[in-house]
Amino acid sequence: MRVRRSVSTTLLAGLAATALVLPLAGQAGAADPQARAAVPARGTAHMGMGVLKHDGRGVTASGGVSTLATWTEGVDVSSHQGNVAWSTLWNSGVKWAYVKATEGTYYKNTYFTQQYNGSYNVGLIRGTYHFATPDTTTGTAQADYFVNNGGGWSRDGKTLPGVLDIEWNPYGATCYGKTQSGMVTWIRDFLNRYKARTGRDAVIYTATSWWKQCTGNYSGFASTNPLWIARYASEVGELPAGWPYYTMWQYTSSGPTVGDHNHFNGDLSRVQALANG
């Protein structure tokens, strides 16, 4: 009997020691510093940061839309790019730009002034975008934060309508913990508030695979909100439901001077028409 107690005591002690170093259930990698470091800091998200990871590069989905016959080159930037060489971009043929203004209700682009005013000063038609975090605050609250911190619009011929950047969550669950119907409601609340504040319908930036997964391929915004599609390939591929065409296409994250380059679906007069509303 004394031997059995000794073996049992040794076994229990070993199990207890193991439990001290294993992460709790649902906290995979909790003791792994590299796993924690893989999650970026809040505020560092930028347009298209999840495209390569989730959609890859150079593979075209079925139902591809061919490259455009007439297009106008543009870029999108955030604090990730720092101070941007706008004159170099202008001289290379870039004629429009979008600048990240805000994220959630907790972050404003620290390079906003240089990027937004600098693009305007060299002649670009420019606008701003908001990186959505539907798990932190409501769509209405984030639209207000966006408009109050650089997301406004004016009919000056040089200002494009604001963009809702809605894509993969870099900080956690892909769909931000929302059901498909809950995500549609959140997006609708943002868009309705943005239009009430500015008089313009916001552009929606997204990727087809994310849109399918997280909204159920909802088609109800296609009649009012221009589509900016993300796809790093020679063709756009399948568009989200309802949109017969795209207005803008982010086709690469590895362009010259600034990585994120885009085609506007039309010549410069169409860019100006979108700016003028």
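Relevant structure appears above.
This section reports on the structure supplied with the text. Everything numeric in this text was worked out from a predicted model, so none of it was measured.

**Focus on the packing of helix 7 (residues 180–198) against helix 8 (residues 208–215)**
Line of reasoning, step 1. Look at helix 7 against helix 8: their axes get within 7 Å of each other, and the N-to-C directions meet at 110 degrees. What the angle tells us is that helix 7 and helix 8 run roughly perpendicular. Contacts between helix 7 and helix 8 involve Gln180, Met183, Val184 and Ile187 from the first element and Trp210, Trp211, Lys212, Gln213, Cys214 and Thr215 from the second.
Line of reasoning, step 2. Partitioned by chemical class, the residues of the contact of helix 7 with helix 8 number 6 nonpolar, 3 polar and 1 charged.

**Focus on the pairing of strand 8 (residues 248–252)**
Line of reasoning, step 1. Among the 5 residues of strand 8, 4 are classified as buried, and the element is accordingly described as predominantly covered.
Line of reasoning, step 2. Examined bridge by bridge, strand 7 (residues 227–230) and strand 8 share 3 bridges and lie parallel to one another. Among the inter-strand pairings, tryptophan 228 is bridged to a residue of strand 8, identified as methionine 248.
Line of reasoning, step 3. Where strand 8 and strand 9 (residues 261–265) come together, 4 bridges link them in antiparallel fashion. Residue pairing for strand 9: tryptophan 249 is matched across the bridge by histidine 263.

**Observations concerning helix 6 (residues 139–148)**
Think of an α-helix as 3.6 residues a turn; residues three or four steps apart then line up on the same face.
Line of reasoning, step 1. Extensive coverage of helix 6 is indicated by the burial of 7 of its 10 residues.
Line of reasoning, step 2. Turning to helix 6, its buried residues are Gly139, Gln142, Ala143, Asp144, Tyr145, Phe146 and Val147.
Line of reasoning, step 3. Where helix 6 ends, the next residue or the one after it, glycine 150, has phi of about 110 degrees, a positive value.

**With respect to the state of the cysteines**
Line of reasoning, step 1. Counting across every chain of the model gives 1 disulfide.
Line of reasoning, step 2. There is a disulfide in this structure between cysteine 175 and cysteine 214, and the S-S distance comes to 1.9 Å. Taking the torsion about the S-S bond as the criterion, the cysteine 175 to cysteine 214 disulfide, at about -75 degrees, is left-handed. Taken together, the residues span a long stretch of sequence, with cysteine 175 in the loop between strand 5 (163–165) and helix 7 and cysteine 214 in helix 8 at a distance of 39 residues. Comparing cysteine 175 with cysteine 214, the two get one shared label, buried.

**A few points about the pattern of salt bridges**
Line of reasoning, step 1. Enumeration over the complete set of coordinates arrives at 6 salt bridges.
Line of reasoning, step 2. Aspartate 144 is paired through a salt bridge with arginine 197; the nearest N and O atoms lie 2.7 Å apart. One end of the pair, aspartate 144, is in helix 6; the other, arginine 197, is in helix 7, and 53 residues separate them in sequence.
Line of reasoning, step 3. Across the pair glutamate 238 and lysine 212 runs a salt bridge whose closest N-O atoms are separated by 2.9 Å. Highlighted residues: glutamate 238 in the loop between strand 7 and strand 8 and lysine 212 in helix 8, separated in sequence by 26 residues.
Line of reasoning, step 4. Shared partners join several salt bridges into a network, and the residues in it are Asp144, Arg193 and Arg197.

About the cut-offs
- Residues numbered from 1 in each chain as written.
- Predicted model: local features only at pLDDT ≥ 70, side-chain atom pairs only at ≥ 80, totals over all residues.
- Heavy atoms only, no water.
- Axes fitted to C-alpha atoms, helices over the stretch in contact; angles between N-to-C directions.
- Helix = DSSP H or I, 4+ residues; strand = E, 2+ residues; numbered from the N terminus.
- Parallel < 35°, antiparallel > 145°, perpendicular 65-115°, else oblique.
- Contact = heavy atoms within 4.5 Å.
- Nonpolar A, V, L, I, M, F, W, Y, C, P; charged D, E, K, R; others polar.
- Buried < 20%, exposed > 50% of the residue type's maximum accessible area, 1.4 Å probe, protein only.
- Pairing = 2+ DSSP bridges.
- Disulfide = S-S within 2.5 Å.
- Salt bridge = Lys/Arg side-chain N within 4 Å of Asp/Glu carboxyl O.

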